[in-house]
Amino acid sequence: MNALNLPFDADEMLEGLRPWVECESPTWDAVAVSRMMDLAARDLAAIGATVETIPGTKGFGTSIRATFPHPDQGKPGILVSGHMDTVHPIGTLDALPFRREGGLAYGPGIMDMKGGNYVFLEAMRQIRKAGLTTPLPVTFLFTPDEEVGTPATRGLIEDAARGQRAVLVPEPASPDGGAVTGRYAIARFDLLTQGRPSHAGWALKDGRSAIAAMARRVLQIEAMTTDDCTFSVGVIHAGQWVNCVSSSCRAEVLSMAKTQEDLDRGVAAMLALQGEEEGVEFIVTRGVTRPVWEPQPGTMALYDLARQVSSRIGFDLAAGSAGGGSDGNFTGAMGVPTLDSIGVRGKGLHTLNEHIEIASLPERARLAAGLLTQIA
């Protein structure tokens, strides 16, 4: 049987995906993410995979690695790399319940990226059910910390990708439905302002507000944004009592750069901001970084194959480099042929309007099945 003709059913796939979406798994809740991993492990084992649970580190949840029986097991093959953590806190289902409205399905993490992960699982289910054998061994690796830069599992991903023939990353499709063959660099920074406390009523002038100083720094940092290197402050924590001048304030910055040179300049500019101003100390600490992933011949050959497959399915798969990091940054930067953003179509990721196009479930499953049975 031709893998592109496998009987993928949108309604059945959506019903199978639903328990994943309703298993909330915010990154910082290790127990919740591990619970999601257990659910995925059960589904992978049910279709014949041998599943290994890898203990979490640095306070994050577990990872799972699933391998399917293959006569060439242990030789270079295909790695399907995805994450099961989401940005949505526990309780988001109250505001964003799983639901179907016309041709769309909603829910936390359904687009980023549980939908894409499930599509590849379903592709393997149908491949095995039809008695087909993939030319190469297939491994699935699901990790728990992508949404915060993959601080705990980068090494795990790189070890799993090293020596593989291809890495497939089912992150959400680009707005035009296209894939990603390269990504910009992502750098994170932790900020700290340390001021001088005082009573905000009768001794206001004696204090030096860490919050006010941070507010000025936020404006300064975001004003550094250019077309080639952006800066965005997305998290701020400070204060306990409104009648106290704050003595400390913490914030987090995300920077995206198109090239390594842009990233180096951006990092230097951030670190140069450190120092004391008007009695408040400003400290910048560099956090996790995703390297620039530039398209290479192996990746472009993989994309050419994917475009041939998509043409036979009935759509044109565009591709290009993109902003926004993923774990594809790591494998692509290693030189391993990597095709990213071949997951579901949708909109509103990271918002309370996150949804997918239901028709993209079988479309992307056929793409996945075509790749898994033709990469050799």
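Once a new chain begins, its residue numbering starts again from 1 and follows that chain's sequence as written. Reporting of local features is limited, given that this is a predicted model, to residues whose pLDDT is at least 70; pairs of side-chain atoms are given and counted only at 80 or more, and all residues count toward the totals for whole chains, interfaces and linings. Excluding hydrogens and water, the side-chain values take into account all heavy atoms of the structure.

Q: Would you mind going over the nonpolar core with me for this structure?
A: Soluble globular proteins: nonpolar side chains tend toward being buried together. Here, nonpolar core means buried Ala, Val, Leu, Ile, Met, Phe, Trp, Tyr and Cys residues that are tied together by side-chain atoms lying within 4.5 Å of each other. For every residue, the accessible area (1.4 Å probe, protein chains only) is compared with the maximum for its type, and the residue is labelled buried under 20%, exposed over 50%, or partly exposed between those bounds. In terms of nonpolar packing, the biggest core is built from 63 residues, with W20, F140, L168 and L372 touching the most fellow members. Each helix is a run of DSSP H or I of at least 4 residues and each strand a run of E of at least 2, with the numbering of both proceeding from the N terminus. Counting residues per element, this core draws most heavily on helix α4 (residues 110-129), which supplies 9 residues. Contacts: residue pairs with any heavy atoms within 4.5 Å of one another. With near-sequence residues (within four places) excluded, F140 lies in contact with L44, I64, R65, A66, F68, V80, F120, L121 and M124. In terms of nonpolar packing, the next biggest core, distinct from the first, is built from 22 residues, A187, A257, V284 and V292 among them.

Q: How should I be thinking about the packing of aromatic side chains in this particular structure?
A: Each aromatic ring pair is specified by the distance between its two centres and by the angle formed by the two planes. Stacked, edge-to-face and tilted are the three classes for Phe, Tyr and Trp ring pairs, Trp counted by its six-membered ring, which pair at centre distances within 6.5 Å; planes under 30 degrees apart are stacked, over 60 edge-to-face, the rest tilted. Tallying each qualifying case throughout the model produces 5 aromatic pairs. With 5.6 Å between their ring centres and 65° between their planes, F68 and F140 make a pair best called edge-to-face. In this pair, F68 sits in the loop between β2 (63-67) and β3 (78-83) while F140 sits in strand β6 (residues 138-143), placing the two residues 72 residues apart along the sequence. The rings of W20, F68, Y118, F140 and F142 are connected pair by pair, giving a single aromatic cluster. A cation over an aromatic ring shows up here: R99 above the ring of Y106, its NZ or CZ 4.1 Å from the ring centre. A ring is considered to have a charge above it if a Lys NZ or an Arg CZ atom is located within 6 Å of its centre and within 35 degrees of its normal. Over the ring of F315 we find R345, and its NZ or CZ is 5.3 Å from the ring centre.

Q: Teacher, can you tell me more about the environment of R366 here?
A: By secondary structure assignment, the location of R366 is in helix α10 (residues 360-374). On the basis of relative accessible area, R366 is assigned to the partly exposed category, the value being 23%. R366 sits 53 residues away from I313 along the chain, and the two C-alpha atoms are 7.3 Å apart. Residues contacting R366, with those up to four places away along its chain left out, are L4, L6, F8, V309 and I313.

Q: Got a minute to help me understand the environment of G323 in this structure?
A: Mapped onto the elements, G323 comes out in the loop between β16 (319-322) and α9 (328-333). A C-alpha to C-alpha distance of 36 Å links G323 and G48, two positions 275 residues apart in sequence. Discounting residues that sit within four places of it in the chain, G323 has contacts with R183, Y184 and M256.

Q: Explanation requested: α4 in the structure shown.
A: Structural remark: α-helix, 3.6 residues per turn; residues separated by three or four positions point the same way. Summarising burial for α4: 17 of the 20 residues are buried, a large majority. G131, located one to two residues past α4, shows a positive phi value of around 80°.

Q: It is not clear to me how the packing of helix α1 (residues 10-21) against α10 should be interpreted in this structure. Could you clarify?
A: Where α1 contacts α10, the two axes come as close as 8 Å, and the packing angle between them is 90°. In terms of their interaxial angle, α1 and α10 are classed as roughly perpendicular. Of the residues in α10, those touching α1 at A10, M13, L14 and L17 are L361, P362 and A365. Gly counts as polar in this scheme, as do all residues outside two lists: the nonpolar Ala, Val, Leu, Ile, Met, Phe, Trp, Tyr, Cys and Pro, and the charged Asp, Glu, Lys and Arg. Class assignment for the residues of the contact of α1 with α10 results in 7 nonpolar, no polar and no charged. Angular values range over 0 to 180 degrees, each being the angle between N-to-C directions of two axes fitted as lines to C-alpha atoms, with helices fitted over their stretch in contact. An angle below 35 degrees is treated as roughly parallel, one above 145 as roughly antiparallel, one from 65 to 115 as roughly perpendicular, and anything else as oblique.

Q: How should the sheet that holds strand β18 (residues 346-347) be read in this particular structure?
A: For sheets, the rule is that strands pair by backbone hydrogen bonds, running either parallel or antiparallel. Two strands qualify as a pair provided DSSP detects at least 2 bridges between them. Strand order in the open sheet formed by 4 strands is β4-β5-β19-β18, with antiparallel pairing between adjacent strands. Taken across any chain shown, the strands that pair with only one partner, and hence form the sheet edges, are β4 (99-101) and β18. Both strand β5 (residues 104-106) and strand β19 (residues 355-357) contribute to a ladder of 3 bridges, which runs antiparallel. Bridge pairing in β19 places L104 opposite E357. Set on the sheet, α4 makes contact with β5, β18 and β19; between it and β19 the angle comes to about 45°.

Q: Mind showing me how you'd approach the pattern of salt bridges here?
A: Pairing between side chains of opposite charge can happen when the charged atoms of each approach one another. In the sections that follow, a salt bridge refers to a side-chain nitrogen of Lys or Arg positioned within 4 Å of a carboxyl oxygen of Asp or Glu. Inspection of the entire model under this criterion finds 18 salt bridges. Between E22 and R18 there is a salt bridge, with the nearest N and O atoms lying 3.1 Å from each other. Across the pair D72 and K75 runs a salt bridge, and its minimum N-O distance is 3.8 Å. Classification of K75 as exposed rests on a relative accessible area of 54%.

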